[in-house]
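Inside the fold
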Protein chains: 2
Amino acid sequence: MRAELAAIVGPEHVTADPPPHYLRDATEARGLQGHADVLVLPGDAEEVAAVLAWCYERGVPLTPRGGGTGFAGGAVPQGGVLLSLERLRRVRSLEPQRWRMEVEAGVTTADVRRLAREHGLLFPPDPGAAEQSQIGGNIATNAGGPHAFKYGVTGHWVTGLEVAMAPGELVRVGGPVRKDVAGYDLRSLLVGSEGTLGVICSAWLRLLPAPEATLPVVAAYASVAAGCAAIERVLAAGLVPAALEYLDAGTLAAAAASFPGGLPDGCELLVLAEADGSRAEAARVAGELAEVLAEGALAVERPDPAALWRWRDGVSIAVTTRRGGKVSEDIVVPLERLGEAIERTVEIGRRHGLEACSWGHAGDGNLHSTFLVPAAEAERAEPAAAELFELALELGGSISGEHGVGAVKRAHQRGPLHLHAAIKAALDPKGLLNPRKKLPDDIAPPAAG
Amino acid sequence: MRAELAAIVGPEHVTADPPPHYLRDATEARGLQGHADVLVLPGDAEEVAAVLAWCYERGVPLTPRGGGTGFAGGAVPQGGVLLSLERLRRVRSLEPQRWRMEVEAGVTTADVRRLAREHGLLFPPDPGAAEQSQIGGNIATNAGGPHAFKYGVTGHWVTGLEVAMAPGELVRVGGPVRKDVAGYDLRSLLVGSEGTLGVICSAWLRLLPAPEATLPVVAAYASVAAGCAAIERVLAAGLVPAALEYLDAGTLAAAAASFPGGLPDGCELLVLAEADGSRAEAARVAGELAEVLAEGALAVERPDPAALWRWRDGVSIAVTTRRGGKVSEDIVVPLERLGEAIERTVEIGRRHGLEACSWGHAGDGNLHSTFLVPAAEAERAEPAAAELFELALELGGSISGEHGVGAVKRAHQRGPLHLHAAIKAALDPKGLLNPRKKLPDDIAPPAAG
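Here's the deal with the overall build of chain A
For chain A, the helix and strand inventory stands at 14 helices and 18 strands. Expected size for 449 residues packed as a compact globule is a radius of gyration near 22 Å; at 22 Å, chain A falls within 12% of this value. Here chain A holds 449 residues, and 61% of them are scored as buried. Here chain A has roughly 15,200 Å² of accessible surface; of this, 51% comes from carbon and sulfur atoms. The averaged location of the 56 negative side-chain charges in chain A is 3 Å from the averaged location of its 42 positive side-chain charges.

So, the interface of chain A and chain B
Counting residues at the interface gives 80 residues for chain A, matched by 81 residues for chain B. Both faces considered, chain A and chain B share a buried interface measuring about 6,000 Å² in area, 65% of it formed by carbon and sulfur atoms. The largest per-residue losses of area from chain A upon contact with chain B belong to Lys179, Val181 and Tyr184 of chain A, which jointly make up 17% of the total buried on that side. Linking Glu402 of chain B and Lys179 of chain A is a salt bridge whose minimum nitrogen-to-oxygen distance equals 2.7 Å. The interface formed by chain A and chain B holds 31 residue pairs in polar contact (both at pLDDT 80 or more) in total. Within the residue set of the side of chain A that touches chain B, elements represented by two or more residues are helix H5 (148-151), strand E9 (169-174), helix H6 (186-190), helix H7 (224-236), helix H9 (279-294) and helix H14 (417-427) of chain A. Residues belonging to the side of chain A that touches chain B are distributed by class as follows: 35 nonpolar, 26 polar and 19 charged.

Some points on the packing of aromatic side chains
Within the structure shown, the criterion is met by 4 aromatic pairs over all chains. Arranged with centres 5.8 Å apart and planes meeting at 35°, the rings of Trp99 of chain A and Phe149 of chain B form a pair that is tilted. In this pair, Trp99 of chain A is assigned in the loop between strand E5 (91-95) and strand E6 (100-104) and Phe149 of chain B in helix H5 (residues 148-151), connecting two distinct chains. Note on accessibility: Trp99 of chain A and Phe149 of chain B belong to one class, buried. If you follow Arg206 of chain A out to its NZ or CZ, it ends over the ring of Trp157 of chain A, 4.4 Å from the centre.

Quick look at the relation of the copies chain A and chain B
Under the fitted operation, chain A is carried onto chain B by 0.0 Å of movement along the axis and a turn of 180°, and the coordinates agree to an RMSD of 0.0 Å. Such a combination of rotation and displacement between the chain copies is what one expects of a two-fold axis. A share of 100% of interface residues in chain A that are also interface residues in chain B marks the association as one of identical surfaces.

Some remarks on unusual backbone geometry
For the peptide bond that leads from Ala166 of chain A to Pro167 of chain A, omega is 0°, which places it in the cis range. Here Pro167 of chain A shows up in the loop between strand E8 (158-165) and E9. Although it is not a glycine, Ala129 of chain B adopts a positive phi angle of roughly 50°. Mapping Ala129 of chain B onto the fold places it in the loop between strand E7 (121-122) and helix H4 (135-141). The class for Ala129 of chain B is partly exposed, based on a relative accessible area of 46%.

Concerning the pairing of E9 of chain A
Residue and element names in this part refer to chain A. As paired elements, E8 and E9 share 6 bridges and run antiparallel to each other. What sits directly across from Val163, in E9, is Val171. The hairpin turn running from E8 into E9, its antiparallel successor, is 3 residues long, and Gly168 in that turn takes a positive phi close to 130°.

Some details on the sheet that holds strand E3 (residues 62-65) of chain B
Residue and element names in this part refer to chain B. Strand order in the open sheet made by the 4 strands is E1-E2-E4-E3, with mixed pairing throughout. The open sheet has two free edges, formed respectively by strand E1 (14-15) and E3, since each of these has just one partner strand. Bridge count between E3 and strand E4 (residues 81-84): 4 bridges; the pairing is parallel. Looking at E4, one finds that Thr63 is bridged to Leu82. Sheet strands touched by helix H2 (residues 45-58): strand E2 (38-40), E3 and E4. Its angle to E4, the strand with the most contacts, is close to 170°.

Regarding the state of the cysteines
Applying the stated rule across the entire model yields 0 disulfides over all chains. There is no disulfide at Cys267 of chain A, and the cysteine sulfur nearest it, in Cys228 of chain A, is 12 Å away. This cysteine, Cys357 of chain B, is not joined by any disulfide, and Cys267 of chain B carries the nearest cysteine sulfur, 14 Å off. For Cys357 of chain B, a relative accessible area of 1% translates into the label buried.

Quick notes on the sheet that holds strand E2 (residues 38-40) of chain A
All names here are of chain A. Taken in spatial order, the 4 strands line up as E1-E2-E4-E3 in an open sheet, and their pairing is mixed. Because the sheet does not close on itself, it has two edges, and the strands there are strand E1 (14-15) and strand E3 (62-65). Packing of helix H2 (residues 45-58) onto the sheet brings it into contact with E2, E3 and strand E4 (81-84), and relative to E4 it is tilted by some 170°.

Details of the domain arrangement of chain A
All names here are of chain A. Entries for chain A in the domain assignment read domain 1 (2-84), domain 2 (91-209), domain 3 (213-313) and domain 4 (316-394). The C-alpha centroid of domain 4 is placed 30 Å from the C-alpha centroid of domain 1. Each side of the interface is counted separately: domain 1 has 5 residues, and domain 4 has 11 residues. Buried surface at the junction of domain 1 and domain 4, summed over both partners, amounts to about 530 Å²; 46% is from carbon and sulfur atoms.

Definitions and limits used
- Residues numbered from 1 in each chain as written.
- Chains lettered and ligands numbered in written order.
- Predicted model: local features only at pLDDT ≥ 70, side-chain atom pairs only at ≥ 80, totals over all residues.
- Heavy atoms only, no water.
- Helix = DSSP H or I, 4+ residues; strand = E, 2+ residues; numbered from the N terminus.
- Rg over C-alpha atoms; globule rule 2.2 N^0.38 Å.
- Buried < 20%, exposed > 50% of the residue type's maximum accessible area, 1.4 Å probe, protein only.
- Areas by Shrake-Rupley, 256 points an atom, 1.4 Å probe, with all protein chains shown as cover.
- Lys, Arg positive; Asp, Glu negative; His and termini not counted.
- Charge placed at Lys NZ, Arg CZ, Asp CG, Glu CD.
- Contact = heavy atoms within 4.5 Å.
- Buried area = accessible area lost by both parts, 1.4 Å probe.
- Salt bridge = Lys/Arg side-chain N within 4 Å of Asp/Glu carboxyl O.
- Polar contact = N/O pair within 3.5 Å; in protein donor to acceptor, adjacent residues only side chain to side chain.
- Nonpolar A, V, L, I, M, F, W, Y, C, P; charged D, E, K, R; others polar.
- Phe/Tyr/Trp six-rings, centres within 6.5 Å; stacked < 30°, edge-to-face > 60°.
- Lys NZ or Arg CZ within 6 Å of the ring centre and 35° of its normal.
- Least-squares fit on C-alpha atoms with pLDDT ≥ 70 in both.
- Pairing = 2+ DSSP bridges.
- Axes fitted to C-alpha atoms, helices over the stretch in contact; angles between N-to-C directions.
- Disulfide = S-S within 2.5 Å.
- Domains from an automatic or database assignment.

Right, dumping it as structure tokens:
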């Protein structure tokens, strides 16, 4: 096995003894650990397709892996070939005057954003862990982030993909063009498919001129209800913030100490909005946001954006640190049910004897509902997580807004599962691409014809 | 057949003798005409699913039909059941304070936009023929329009769908939530599938606060090259217009007479840009647009937006009228090839003895390349259209940016057709949904496993 794969990618890029950090992702904090027969590091898209062809011929499962920052265990292998895209990190083209670039899957999210910024442009998705996470993984999970409220999720910025697909061919869908309705939308189907339909090797990305200014406004509230009412008022006022985030009291208990400038006593919900655009436009929107958020607030502040986002990026780790682990999900609910979802997250935790908190993308109704539990005891939180998914569906929402389904949520999938299974069977007939992910085990596609 | 369908939808909503206008769409201008055994007008989504179930049981083809404004013959039936969605026109909910509405497929595009506007909101897609076209058809073709440059195509504004799918079930994907990565992106797959994977019955739409002001800027150039250089300068300057359109000399020959305010002599390319946003922001962007567009221009004007868009909406009809028919395609090319595509459209026409022109969505590289020919002689233009598709592919583009493939472009489809065929076979195993559309006849899905 090793020798044959070495013939494809070179002997120095195959190991039968993968270092442990290749067998985990951010679900490490809930105790998830995988195993693989061999780790393969191809050097380009053709080698990825050749490795897939090899797997397909021999019936060997293949798990693709980006930066390993996922919260759903999508990159945690369960035997077979573990294929890391880390060596595919060429920037194939960058045309700032045409707002686009073509990058290989292993380029980090931070590098994509940095390159854009250096040319006065913006790649809007900011799902977090940017220095470690790779653009291919962001696309494979259709990652979101705070600025998805105004700018949409990762897939919205992908115009073309190069993908290794069964039984081992390199397929191109889309490209540098901004519109395309020939054929079915394979691009969108592959985005967010978590490596279960193909391995993303490179992508054409759409960029946008960078806003001249970004001006955050932060408001503290004495109750969840007061904060959520303020969030709803922002939309009702016709304001379009670039980001509209919240953090609840439990989250602040873990993270408030380092909040730039400090927080008022009795803050039960912190709302974080950001205006962007030209200097004048950002100032106008920030002013209106401050006015709308002030009603019923304990305090309204205008922090420095760099300091604020640095702090915001550290929230997840601060929460993990509090008890040495966490089980964190990313349910979505319609905006008007946000307050209920925040409060019921804490209630579910209480019923299961677990400290619980949430924060997230308020404007998108996307909560990071989290149970604090040491990694070694993470199983204790699984029944609580299951209740959380039921809650999301009961409130008219979804079990995942941005992390994906991966290994940890597949038993909780709802909806027309037979159609998802039919798609999987059509594009990965041997079921070798990232097996035991995304879909439940016991779902079969409908019988043909 | 008629009696059984009458039992589902009521006898007054079935006819074996469909009025002729049900058997055509905008491809009438190129002589396309269909036939159907029966026209069925269901009254709600459940009846649509029941009709599909009836078709699936008996192996009868079903062609869904919206407003019949398509340019690709997608709604032109080729036997079997013709199902019009026109009676599904309930607005199921409208929640302006949450920027969303749920509408049935038969609501006209104009009504969707009007309802949004009456509540201070914007439904951005504006594919044209808004009073006749229906939102279900817009979604089924993933329609675009001038403002897709800033706001994206129709699919970008759809968060949920209710779809009748084989063998006759009503499926819901997504809903009022703004994010969802559970399962594969069936929503995007169904958007733009032109009725070949399912019949869209209703949709959840996302809205946006309406911009306070829209300020068009129009510039005339003495050559295609000068105009295209100006278009590229807009992007390079980091300006984001809401729309960035062009019209070439041949188009202006048909349509210039009614241009508000008149055009300067010698105009070979007209560029139409629009700034929007708050009053101050729109004024700032319009000012910068005027400055950037002025270089090398014969004239720069700031027309009244209502008069300008009324004129722009009439361009397609003005071009049709000139020779009593037209064969109009909607190729897409990378922005930097726009000028070449404009000039080669005219050359292709010349080689085939046809007057040719183009206009369209410059910023998206999306041309409406058109051959003027009476409807009765439209066949003469088919070899020219075939060359046009080759041109689009040669320039790194696509054969369709917004009209879809329908009946007229399916032989010109390129790319991984076996994957498209596999999807079709997975979701419509009997091949009864809008047959002989979207995909070429001779493409079979790959053999399973």
